[in-house]
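# What the coordinates show
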Amino acid sequence: MSKNAIFCVIGIFLGFIVGFFVANGVSRPSAPVAAATAPAPAEQAAGPLDPSQSDAPLPPGHPDIGGAGGATGAGGAGVPSTTAAATSAEAQKAMEKADRTPKEFDAQLSAAQVFYNLQDYKKAALYLDRALALKPQNFDALVLMGNTKYDDKDFTGAATFYEQALAVNANSPDVRTDFGNTFFMRTPPDYDRALAEYRKSVALDPSHVNSWKNIASAGLRKGDRTIVSEAIERLATISPQNPELPALRQSLDAMSR
């Protein structure tokens, strides 16, 4: 075999390797993009939390993701332990208010938001259970519960609450994209269903950057060059400086070799 032919073979091989790692580097949807805010107080009561639940352990394989809280504890660098979360001044204040006023929806939702930010998803879910007992159809509480389940890697559970939130307000592209992400991330993944939800999101907002990025990601996983090309073209139009565009273009080039 000639030297040029050898170099050609090596080049093709390296191209496949680079394409593989680039594709995997950009093809996972990010954490939920929807956010919750605290609405008005409720009228019905919710029972207090069992004191034994105040030091619930982190779930196995707790994900190392960014949150609004920045404390570091036994959970690892940048990931607060549940003990640190429960004993922080912010958490103590939120818990005391929520337990002192169990009929106030705002107090339950605020406590849930504090623990979500501190990445204590088990306790966030407990306060959200109380909030949703007060207002079962509250959009913000449903979305925050979906986010809590998602970040705890319970993608099927997250889908249940995102779907309920969309039944209350079907016009949120953020929640629609997060709903799609639950199908992308579950095992086994359902890329067709994820794509269908991302398409609904861009129908609501044609300039929704996260949806187009996720369309590209799902297209890469499916090996569908047409889908990836379309998504890159849209991203280049609505977000020309998007830092993920170069990697997506490299992945697209690798698919055509």
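Data block above holds the structure.
An account of the accompanying structure is given in this report. For every chain, the first residue of the written sequence is number 1, and numbering continues from 1 onward in sequence order. Selection of residues for local features in this predicted model requires a pLDDT of at least 70, selection of side-chain atom pairs for listing and counting requires 80 or more, and totals for whole chains, interfaces and linings are taken over all residues. Side-chain measures here rest on the full set of heavy atoms in the structure, leaving out hydrogens and waters.

## What to know about the packing of helix 6 (residues 139–151) against helix 8 (residues 173–185)
Running from amino to carboxyl end, helix 6 crosses helix 8 at an angle of 25°, the nearest separation of the two axes being 11 Å. As judged from the angle between their axes, helix 6 and helix 8 are roughly parallel. The interaxial crossing formed by helix 6 with helix 8 has left-handed handedness. Residues Phe139, Val143, Asn147 and Tyr150 of helix 6 form the contact with helix 8, whose participating residues are Val175, Asp178, Asn181, Thr182 and Met185. Charged means Asp, Glu, Lys or Arg here, nonpolar means Ala, Val, Leu, Ile, Met, Phe, Trp, Tyr, Cys or Pro, and polar covers whatever is left, Gly included. Taken together, the residues that form the contact of helix 6 with helix 8 break down as five nonpolar, three polar and one charged. Between the N-to-C directions of two axes lies an angle of 0 to 180 degrees, each axis being a line fitted to C-alpha atoms and, for a helix, fitted only over the stretch in contact. Each helix is a run of H or I in the DSSP string that is no shorter than four residues. Each strand is a run of E no shorter than two, and both are numbered from the N terminus. In what follows, roughly perpendicular refers to angles from 65 to 115 degrees, roughly parallel to angles under 35, roughly antiparallel to angles over 145, and oblique to any angle outside these ranges. It is the rotation of the near helix from the far one that decides the hand of a crossing: anticlockwise by less than a right angle makes it left-handed, clockwise makes it right-handed. By definition, residues are in contact when any of their heavy atoms lie within 4.5 Å.

## Points about unusual backbone geometry
Of the consecutive residues Thr187 and Pro188, the connecting peptide bond is found in the cis state with omega at -5°. Phi is positive for Lys153, close to 65°, though the residue is something other than glycine. Mapped onto the secondary structure, Lys153 falls in the loop between helix 6 and helix 7 (155–168).

## Quick word on helix 3 (residues 89–100)
Helices are assigned an expected span. That span is 1.5 Å times one less than the residue count. Its 12 residues place the ends of helix 3 16 Å apart at the C-alpha level, agreeing with the 16 Å of an ideal helix rising 1.5 Å per residue. Within helix 3 the residues assigned to the buried category are Ala91, Ala94, Met95 and Ala98. The arc that holds the buried residues of helix 3, viewed along the axis, is 100°, so those residues lie on one side. Exposed side of helix 3, more than 90 degrees from the buried face: Ala89, Lys93 and Arg100 are the residues found there. Three exposure classes are used, based on accessible area relative to the maximum for each residue type with a 1.4 Å probe and protein chains only: buried under 20%, partly exposed in between, and exposed over 50%. Starting at the helix axis, one direction is taken to each C-beta atom, and the arc is that of these directions.

## Section: the packing of aromatic side chains
Any pair of Phe, Tyr and Trp rings, taking the six-membered ring for Trp, is counted once the centres come within 6.5 Å. Such a pair is stacked with planes under 30 degrees apart, edge-to-face with planes over 60 apart, and tilted for the rest. Following the criterion strictly, the structure yields five aromatic pairs and no others. Ring geometry for Phe179 versus Phe183: centroids 5.1 Å apart, planes at 75°, classification edge-to-face. One end of the pair is Phe179 and the other is Phe183, both in helix 8 and four residues apart, which spans about a single turn. Measuring from centroid to centroid gives 5.1 Å for Phe184 and Tyr191, while their planes differ by 70°, and the two rings are edge-to-face. Here the two residues Phe184 and Tyr191 agree in accessibility, since each one is buried. Here the basic side chain of Lys135 rests over the ring of Phe105, its NZ or CZ set 5.0 Å away from the ring centre. Over a ring means this: the NZ of a Lys or the CZ of an Arg is within 6 Å of the ring centre and within 35 degrees of the ring normal.

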